[in-house]
Amino acid sequence: MSNQEDKFDFSDFEDLGSKIQKTIDTATAEVLKQAGNVKEEALKQVDKAKEEASRQMDKARESATRQFDKAKEGAARQFDRFYGGQNEQAYVDVGHGRRVISGKLRKNPGLYSGPAEIAIGVAGLAGFGGAGIGLGVTTLVGAMATNLAIASAAIFVPFAVISAVLFGKGIFSSSRARRVKQYSQIWMGKQYVMIDDIESKVRWNRKKIMKDIHYLTKKDLIIGAQLDEGGTCLLLTDESKSQYENAMNAKRVREEEEERKRALEEAMENASFEQKEIYRIKKEGQDYLKQLADIKAQIKSLDVTAKISHMEVLAARIFVCASEHPESISRTDKLFKYYFPSVMKLLNVYEDMEKQPIQGENIQKSKREIEESLDTINQALEKLFDEMFQNVAMDISSDIQVLEVMLKQDGLTEDELHADKTEPMLKF
């Protein structure tokens, strides 16, 4: 009985195991199938996302390109408006309230006279030249070797030469007039025109273009036009000429300043050590004062700017004193090496704190500490300035004592003058 029960139980467990395995296999297959579906769906979603991202990127790129082109066009308009208004029609005042378009020609020599001279020259060459040549040939061969024939030939030849000259002059004038007409179409209505622009738009070389423009400006044939010194730009209005003059003046000032600096540096190479030190302290002082002025212009606090102004006055006096009394230069070196860099750092921090949109407690505290430190620095500069005059004061005291002794020896002090009055006068 018990054996049958054990056998029954075992077979039941076998069936149960097979069922469990079958269930597991079915579940696994289902899971794999679902996973495959999920994977496929995920890949589809990824592909869709990639396509959408690509479309968005293309749209963003096109939008950015359009914005860039608009910004570029706007910048070009602003540039042209600032540097001569090349996109706008320009005019020139000619007096009595009259204005004419810039680049207008007073006249174009040869435009009409050139063809007329060519026609006259051709006619003269055909008439006088032909007759003169015919008579000359006939005279040479002896067919009409008469004085009348010789005289006629002599008369015809000069007229033929004149006709040839007129013909050549007409060709030259007519050709130049056509070139000038083309130039004027390029620069008409502009503030200025670059010679390079003219050269790029016509078929003639720069030498011929410059020769024509020099002729036009020398004869004052372009209303209000002026060629710049370098021969690179034709100025067509008073505004462009004024801008050019200002630019040239600024350039000359810069060149003179650079030349002065070079001369000074060359002179310093052969100068004594004391002279070099004086030059150095002046240069470093000017640089520092410029830094102070620049940072002061950026700070909004009136209290701090007042303290910086006081610092500028003290520093300037210290630099002047050091340059006039080189023995005190060593004392100013500490200012440049230690104190001034710290001062500039504090002022830059203060400026940055002022720009913060939220003025919290820590920022307010730091700003107050910097303001207090500026007072301390100014007090230190006042003390340094006073100490620098100590040796000067001692020298002045010594000079006064020497002067008093000399006056006393010469009897020019007040006591000596009174003593002279008590002496009896000499009688003769």
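Residues numbered from 1 in each chain as written. Predicted model: local features only at pLDDT ≥ 70, side-chain atom pairs only at ≥ 80, totals over all residues. Heavy atoms only, no water.

K.L.:
Kindly report on the sheet that holds strand E5 (residues 233-235), identifying the contributing residues and their values.
P.N.:
The strand order E3-E5-E4 describes an open sheet built from three strands, whose pairing is antiparallel. Either end of the sheet is taken by a strand with one partner, and the two such strands are strand E3 (192-194) and strand E4 (226-227). Here E4 pairs with E5 via two bridges, running antiparallel. The residue bridging leucine 227 from the neighbouring strand is leucine 234, located in E5. (Pairing = 2+ DSSP bridges. Helix = DSSP H or I, 4+ residues; strand = E, 2+ residues; numbered from the N terminus.)

K.L.:
Describe the packing of aromatic side chains, naming the residues involved and giving the relevant values.
P.N.:
For any pair of aromatic rings, geometry is given as the distance between the ring centres together with the angle between the planes. Tallied over the full model, the rule gives four aromatic pairs. Centre to centre, the rings of tyrosine 288 and phenylalanine 340 are 3.7 Å apart; their planes meet at 10 degrees, and the pair counts as stacked. One end of the pair, tyrosine 288, is in helix H7 (residues 273-298); the other, phenylalanine 340, is in helix H9 (residues 329-354), with 52 residues separating them in the sequence. Arranged with centres 6.2 Å apart and planes meeting at 80 degrees, the rings of phenylalanine 319 and phenylalanine 340 form a pair that is edge-to-face. With a gap of 21 residues between them, phenylalanine 319 in helix H8 (residues 302-324) and phenylalanine 340 in helix H9 connect regions that are remote in the sequence. Among the aromatic side chains, those forming a connected cluster through ring pairs are Tyr183, Trp187 and Trp204. Its end group placed over the ring of tyrosine 215, arginine 176 keeps NZ or CZ at 3.8 Å from the ring centre. (Phe/Tyr/Trp six-rings, centres within 6.5 Å; stacked < 30°, edge-to-face > 60°. Lys NZ or Arg CZ within 6 Å of the ring centre and 35° of its normal.)

K.L.:
Summarise the confidence of the model for the chain; cite the residues concerned and give the values.
P.N.:
It should be kept in mind that the predicted coordinates are not to be read in detail where pLDDT is low. For the chain, the average pLDDT comes to 76, and 65% of its residues sit at 70 or higher. Here residues 79-86 scores under 50 on pLDDT; set against residues more than four positions off or in separate chains, the count is 13 contacts. Contacts from residues 424-428, a stretch scored under 50 in pLDDT, to residues over four places away or in other chains number zero contacts. (pLDDT = per-residue confidence, 0-100. Contact = heavy atoms within 4.5 Å.)

K.L.:
Got a sec to walk through the packing of H9 against helix H10 (residues 361-388)? Specific residues and values, please.
P.N.:
H10 packs onto H9 with a crossing angle of 155 degrees between their chain directions and a minimal axis gap of 10 Å. On the basis of the axis angle, H9 is roughly antiparallel to H10. As for how H9 packs across H10, the hand of that crossing is left-handed. Contact residues: H9 offers Arg331, Thr332, Leu335, Phe340, Val343, Leu346, Leu347, Val349, Tyr350, Met353 and Glu354, while H10 offers Ile363, Ser366, Lys367, Ile370, Glu371, Ser373, Leu374, Ile377, Leu381, Leu384, Glu387 and Met388. (Axes fitted to C-alpha atoms, helices over the stretch in contact; angles between N-to-C directions. Parallel < 35°, antiparallel > 145°, perpendicular 65-115°, else oblique. Left-handed = near helix turned anticlockwise from the far one by under 90°.)

K.L.:
So what about the pairing of strand E2 (residues 98-101)? Which residues, and what values?
P.N.:
Sheet topology note: the strand E1 (residues 91-95)/E2 ladder contains four bridges and is antiparallel. Bridge pairing links valine 92 to valine 100 in E2. Counted along the chain from E1 to the antiparallel partner E2, the turn is two residues long, and its residue histidine 96 has a positive phi close to 60 degrees.

K.L.:
I'd love a proper account of H10, names of residues and values included.
P.N.:
Look at H10: 41 Å from first C-alpha to last across 28 residues, which is about the 40 Å you get at 1.5 Å a residue. Those residues of H10 that fall on the buried side of the exposure criterion are Ile363, Lys367, Ile370, Glu371, Leu374, Ile377, Asn378, Leu381, Leu384, Phe385 and Met388. (Expected span 1.5 Å × (residues − 1). Buried < 20%, exposed > 50% of the residue type's maximum accessible area, 1.4 Å probe, protein only.)

K.L.:
Tell me what's going on with unusual backbone geometry, and back it up with residues and numbers.
P.N.:
You will see that aspartate 220, though not glycine, has its phi angle at about 55 degrees, which is positive. Looking at the secondary structure, you find aspartate 220 in the loop between helix H5 (206-218) and E4.

K.L.:
Outline the pattern of salt bridges, listing residues and values.
P.N.:
A side chain with one charge may pair with a side chain of the opposite charge, provided their charged atoms come close. Enumeration according to the criterion identifies 16 salt bridges in this entry. Its salt-bridge partner being lysine 241, residue aspartate 238 comes within 3.7 Å of it at the nearest N-O pair. With a gap of three residues between them, aspartate 238 and lysine 241 both fall in helix H6 (residues 238-269), about one helical turn apart. For aspartate 238, a relative accessible area of 48% corresponds to the partly exposed category. (Salt bridge = Lys/Arg side-chain N within 4 Å of Asp/Glu carboxyl O.)

K.L.:
An account of the nonpolar core is requested, with residue identities and associated values reported.
P.N.:
In this structure, Tyr288, Met311, Leu347 and Leu381 are the most contacted members of the largest nonpolar core, which totals 30 residues. Within the residue set of this core, elements represented by two or more residues are H7, H8, H9 and H10. Looking at this core, the element that brings in the most residues is H8, giving nine residues. Residues within four places of methionine 311 in sequence aside, it is in contact with Tyr288, Leu292, Val343, Leu374, Ile377, Asn378 and Leu381. One finds Val180, Val193, Trp204 and Ala225 within the second-largest nonpolar core, a separate group that totals 20 residues. (Core = buried A, V, L, I, M, F, W, Y, C linked by side-chain atoms within 4.5 Å.)

K.L.:
Which residues make up the side chain of serine 301, and what values go with them?
P.N.:
Tracing the backbone through its elements, the reader meets serine 301 in the loop between H7 and H8. Under the relative-accessibility criterion, serine 301 is labelled buried at 16%. Within polar-contact distance, the side chain of serine 301 engages the backbone nitrogen of valine 304 at 3.4 Å. Beyond its immediate stretch of four places on either side in the chain, serine 301 contacts Tyr350, Glu354 and Glu371. (Polar contact = N/O pair within 3.5 Å; in protein donor to acceptor, adjacent residues only side chain to side chain.)

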